[in-house]
Amino acid sequence: MLKRFWTIYTLLPIAFLAGCGGSPEADFVQVNSAAVDELRTQLASSGSGTESDQEEQVGPSGYATLRGRFVLDGSPPPQIKLDISKDPAICAPGGKDVFANDVAVGANGGLANIVIFANGVNEDWVHDSAKPGRTEEIIFDQRECVFLTHVVGIQTGQPMKVLNSDPVAHNLKVSTTFNQTIPEGKSVPFVASKELNSPEKMSCSIHPWMTAYLLVRNDGYFAVTAEDGSFEISNLPAGIELEFRVWHERLNGIKGDLQVNGSAETWKKGRFEMTLEPSQDQELNVVLPAAMFN
Amino acid sequence: MGRFWSLLFLAVPVLGVGVFAAAMMTDSWPLYNHWLPRDVSEKGYVIDNLFNTILYLTGIIFVGTSLALFWFLWKYDGEKNSGPVRFLHGSHTLEIVWSIIPAATLLFIAIYQMNAWADAKIDRPGTRLAGADGRMNTEDDLIEFQSPIAQVTGRQFEWRIRYAGRDGVVGTADDVHTVNDLHLPVDEEVVLQIKSDDVLHSFFLPNCRLKQDVVPGMKQMVWFKPKEVGSFDIVCAELCGWGHYKMKGRMTIESRKDFDQWLTDQEHIQQESSFALSEEE
Amino acid sequence: MSCCLQPCLTSLGESNPMKRLRIFWALLSMPMIGLMAGCGTESPDFRVNSVYMEKISRELEVKFDGQRQEDVYTALTAMFGTPDLPVVTGGQDVGVTELLNVDNLAMAAGPVIKDYEAGKGLYRQHCAHCHGVTGDGYGPTAKFLNPYPRDFRMGTFKFKSTPVGYRPTDDDLTRIVRNGINGTAMPSFKEMLDSGQIDAIVDYVKYLALRGQTERSLISLSGDYGYETPEETADTQAELLSKEVLVDDILGSIVEEWTTAGETATEAEGRNPIYDFSSTEFDQGELDESIARGQQLYYGAGACVTCHGPTQLGDGQTTDYDNWTKDFFGEAAKVADPELLDAYLSAGGLPPRNIIPRNLRQGVYRGGRRPIDIYWRVKNGIDGTPMPAASSQLTDDDVWDIVNFVLSIPFQSLSQPADMPEFARDRN
């Protein structure tokens with residue numbers, strides 16, 4: 001009897017200690033406190049950091065246009081069928097199948113809805129035609145519960161008219177920044193205020209399968225490929241190295257082995273660098289292997 | 001060791017009585033404010049009397065049995081007694097005595113507390129109306145119960161309070177809602193309906209000597225008559241979860257005029273429908 | 001602990017009774033010491049945002065380990081300190097002082113001090129068990145609660161006066177702490193804390209949100225940099241761990257969102273007093289008409305019926321998820337992907353739960369029951385959830401009609417659906 005008592009008494013604290021285990025180690029990171037203190041001193045110092053002397057940077061030697069085409073090499077991947085769980089009479093009239101169409105292949109393998117934009121272009125080098133403040137209104141419509149423009153590129157402050165041509169209400173939810181109801185047959189205005197580094201998802205909470213993407217840029221150096229895969233960005237600063245980012249809905253950044261203007265290249269993280277010749281149009285024809293989309 | 005152990009047993013009644021005595025001296029060192037809190041309800045003294053009666057009764061028995069225990073331990077300590085052990089087998093008289101005395105005591109308590117129980121739990125305030133025989137104060141008199149001034153809902157971990165509003169009925173569109181903030185008029189009999197949204201709570205007003213378990217699925221009434229203005233605690237007296245200690249509310253007892261004013265103010269706050277940015281921003 | 005007990009146990013055969021008694025007491029006290037020393041002596045640290053790192057590492061195909069992760073958290077610790085010593089280093093240059101009071105942070109932070117020294121450790125005493133020391137909504141009780149406690153790290157808050165995508169105002173946060181959120185585990189702190197203490201907690205919540213948002217920005221930015229060679233690592237560190245990037249760019253833009261929140265709150269001219277029963281102008285007939293108009297809008301241009309259901313029971317759209325879940329999964333449908341779900345759970349995400357539209361018949365209004373509260377919910381939508389703002393085609397009067405209708409629903413009888421327009425039944 002006494003023996004059992006002692007056993008329990010010994011086990012008790014062990015059990016308690018085990019109970020205090022807490023979260024796994026991976027939840028925390030040990031940082032070097034000397035490095036933290038050093039960085040803190042730097043951050044707390046007045047003025048704008050250590051490398052305050054602005055490096056003299058050479059401006060563009062002119063302007064040039066980049067145009068080209070994105071083409072799929074091989075057979076297009078199978079389409080994803082969407083689950084029309086709501087308002088089937090309107091969203092899938094006649095019970096037809098509706099597909100995601102996220103890999104839209106047009107004539108001659110042209111890939112639509114690829115986003116290409118120049119990232120981090122110095123504000124002072126932006127050509128007048130690409131400066132922020134475009135006021136041309138973009139129409140963004142939806143019919144049969146499909147966003148008619150699948151990928152939209154707009155400039156900050158540029159007005160976008162969100163139409164609803166369906167006989168049911170929709171709402172437009174732009175990632176975390178906008179969410180408004182659009183009654184049947186009506187429209188609401190939308191203006192984006194913040195530049196994005198990759199397209200944001202737009203969706204409809206009422207019809208959750210509806211998807212579209214929105215890219216917001218301060219300057220006008222962006223393009224979305226047309227149905228035949230072609231795009232054009234005009235008046236890019238030439239003579240300096242530009243970083244381009246390329247995005248596709250299913251791939252996110254386009255990365256991996258592909259062919260650019262006939263020669264094999266490898267893009268990392270969906271970006272590549274390029275220097276344009278002044279006053280000379282540059283071709284950019286990209287062939288993506290079909291395997292990329294599997 | 002020997003008699004040392006019996007001294008430990010003697011310490012029990014001594015300390016026990018000492019702690020109570022110290023606690024009763026509520027204004028002095030070392031146990032400030034550990035006795036019953038200020039009684040602000042009209043019938044609170046009934047509960048206090050009941051409490052004190054039972055305390056003294058059990059106190060006497062506690063001291064008596066503890067001393068007896070000590071005396072036996074002291075007297076029959078093994079090291080001091082070398083004689084043989086004597087065994088007793090049954091004493092009819094003794095058994096009758098120790099059955100009758102507690103039974104009588106319990107019976108006394110049961111009878112003594114009947115009115116207090118009826119006042120607190122059964123006789124809900126109301127107006128007597130003439131019964132079927134058309135006469136008042138007969139056995140079949142109907143009683144129109146006083147309707148509750150507010151509904152208090154315990155939930156993990158707060159008290160949601162819902163005043164009956166203008167129509168005097170809880171559960172209609174003009175109810176006034178507050179959280180943890182109960183205001184009541186002084187010198188008026190108040191009825192509260194209490195219920196729970198989730199688990200067992202206990203609605204406890206220490207200053208009104210009122211404590212009622214709040215049972216999920218039951219609508220219960222509690223009533224009392226506050227007789228002093230002031231601000232007092234509402235607490236939960238049933239361990240209801242990890243946030244049990246958070247269920248602290250405030251009961252404010254004020255004059256009828258102040259109460260009406262407060263209720264009107266609350267109503268206005270609840271009807272707030274405009275918002276303007278402040279000028280300087 | 002257990003190994004030191006072993007010799008004590010063998011010495012129980014000790015014959016000297018006094019010595020035996022001493023061993024007895026020693027053994028008796030040990031578990032007590034174990035109890036006291038075993039738990040919580042180490043000061044807690046902020047948890048890393050593993051879920052977001054998992055998301056970014058999938059997007060950018062980078063690994064968050066070794067130097068990359070260490071750099072992110074070195075920067076974060078330098079900028080925001082520790083749970084015991086919160087700071088916002090360099091914050092004065094980008095206007096943090098307008099947003100937070102440093103004394104308030106000190107009041108809310110740190111370990112819990114005894115009652116009579118109150119005014120310290122408020123966050124850990126009252127908030128951390130649900131919201132977590134990090135403000136990640138992952139406190140010890142989190143997994144037992146429905147809805148889960150708020151994760152502050154996205155800077156998104158539901159019940160506020162500002163539109164979707166904007167930060168809440170101080171008044172919004174204060175109101176939540178004071179009144180609690182009815183229908184959830186968030187209790188009212190009105191009687192527990194005085195207004196100074198509530199201010200301190202609100203400031204600390206803003207601090208945790210700033211820190212969480214900065215953490216997210218840093219993680220996604222860090223994913224863009226290379227760490228493959230020592231030279232690359234040095235270049236990355238020189239660029240990433242600089243005042244321009246950390247304070248001017250990242251912190252600056254986040255702080256600006258918060259300091260300008262007050263200007264973005266949605267103003268309301270107020271409901272016509274004929275709808276207010278406490279007003280002398282109250283007119284029941286007018287109110288009934290307004291409710292009827294609101295009901296029409298509910299089924300019509302307001303499109304409320306699509307989610308809240310034809311009988312307002314909140315059963316119209318029950319398969320969606322909130323932004324805190326969709327942040328990782330991208331879209332509701334992907335939550336069903338077992339591989340993705342597994343990655344989410346093993347990174348420390350709480351099991352995803354559907355977000356259910358409010359059952360409007362219960363009369364429980366999480367963001368408050370004042371007409372202005374309901375107005376904000378309808379007019380602005382609810383941030384972080386699928387609840388959209390009312391169409392800008394609706395006038396203020398329309399919105400007030402909806403508000404009046406919503407406030408009347410709990411008092412209608414469900415057994416009289418006669419007023420329901422026919423077309424609303426045809427949906428679904």
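Before reading on, note that the structure itself is shown above.
Residues numbered from 1 in each chain as written. Chains lettered and ligands numbered in written order. Predicted model: local features only at pLDDT ≥ 70, side-chain atom pairs only at ≥ 80, totals over all residues.

Peer 1: Report on the overall build of chain C, specifying residues and quantitative values.
Peer 2: Within chain C, the regular secondary structure consists of 20 helices and 0 strands. Across the 428 residues of chain C, 48% fall into the buried class. Restricting the contact set of chain C to residue pairs at least 6 apart, pairs at least 24 apart contribute 66%. (Helix = DSSP H or I, 4+ residues; strand = E, 2+ residues; numbered from the N terminus. Buried ≥ 20, exposed ≤ 12 C-beta atoms within 10 Å, placed from the backbone. Contact = placed C-beta atoms within 7 Å.)

Peer 1: Account for unusual backbone geometry, naming residues and giving values.
Peer 2: The omega angle of the peptide bond from Trp29 of chain B to Pro30 of chain B is 0°, so this bond is cis rather than trans. By the secondary structure assignment, Pro30 of chain B is in the loop between α1 (4-24) and α2 (44-75). Of note, the amide linkage connecting Asn146 of chain C to Pro147 of chain C takes the cis form, showing an omega dihedral of 0°. Summarising the element assignment, Pro147 of chain C is placed in the loop between α8 (128-131) and α9 (170-179). Positive phi values are uncommon outside glycine, yet Lys269 of chain A reaches one of about 55°. With respect to the element layout, Lys269 of chain A can be found in the loop between β18 (263-267) and β19 (271-275).

Peer 1: Tell me what's going on with the sheet that holds strand β20 (residues 282-289) of chain A, and back it up with residues and numbers.
Peer 2: Strand pairing within a sheet occurs via backbone hydrogen bonds; the two strands may be parallel or antiparallel. Residues and elements named next belong to chain A. With mixed pairing, 5 strands are arranged side by side in an open sheet as β14-β1-β20-β17-β18. The sheet is open, and its two edges are formed by β14 (230-238) and β18, each paired on a single side. Each adjacent strand pair in this sheet contributes to an overall mean axis angle of 35°, direction not counted. As paired strands, strand β1 (residues 62-73) and β14 are joined by 7 bridges and run antiparallel to one another. Paired with Leu66 across the strands is Ile233, a residue of β14. (Pairing = 2+ DSSP bridges. Axes fitted to C-alpha atoms, helices over the stretch in contact; angles between N-to-C directions.)

Peer 1: Explain the sheet that holds strand β8 (residues 201-205) of chain B to me, using residue names and the numbers behind them.
Peer 2: Residues and elements named next belong to chain B. Spatially, β6-β12-β11-β8-β9 is the arrangement adopted by the 5 strands of the open sheet, whose pairing is mixed. Each edge of the open sheet carries a strand with a single partner, namely β6 (181-185) and β9 (210-214). Neighbour to neighbour, the strand axes of the sheet diverge by 20° on average, direction disregarded. Bridge analysis of β8 against strand β11 (residues 230-236) gives 2 bridges, and the strand direction is antiparallel. Note that in β11 the partner of Phe204 across the bridge is Val235. Helix α5 (residues 256-270) rests against β6 and β12 (249-254) of the sheet, and its axis sits at about 140° to β6.

Peer 1: Break down the nonpolar core for me, with residues and values.
Peer 2: Core analysis: the biggest nonpolar cluster contains 93 residues, and Val115 and Leu236 of chain A together with Val403 of chain C have the highest contact counts within it. If we ignore the near neighbours within four places in the chain, the residues touching Val115 of chain A are Val151, Gly153, Pro199, Leu215, Phe222, Val224 and Trp247 of chain A. Judged by nonpolar contacts, the second largest core, of 71 residues, contains Val29 of chain A together with Val202, Leu241 and Ala261 of chain C. (Core = buried A, V, L, I, M, F, W, Y, C linked by C-beta atoms within 7 Å.)

Peer 1: I'd like a rundown of the environment of Pro159 of chain A, residues and numbers included.
Peer 2: Residue position: Pro159 of chain A is located in strand β7 (residues 159-163). A C-alpha to C-alpha distance of 6.9 Å links Pro159 of chain A and Pro189 of chain A, two positions 30 residues apart in sequence.

Peer 1: Explain the packing of α1 of chain B against α2 of chain B residue by residue, including any values.
Peer 2: Residues and elements named next belong to chain B. Put simply, α1 and α2 touch, their axes get as near as 8 Å, and they point 165° apart. For the element pair α1 / α2, the angle class is roughly antiparallel. The two elements α1 and α2 meet at a crossing, and its hand is left-handed. Contacts from Trp5, Ser6, Phe9, Leu10, Val12, Pro13, Gly16 and Val17 of α1 reach α2 at Phe62, Val63, Ser66, Leu67, Leu69, Phe70, Leu73 and Trp74. Classifying every residue of the contact of α1 with α2 by side-chain character gives 13 nonpolar, 3 polar and no charged. (Parallel < 35°, antiparallel > 145°, perpendicular 65-115°, else oblique. Left-handed = near helix turned anticlockwise from the far one by under 90°. Nonpolar A, V, L, I, M, F, W, Y, C, P; charged D, E, K, R; others polar.)

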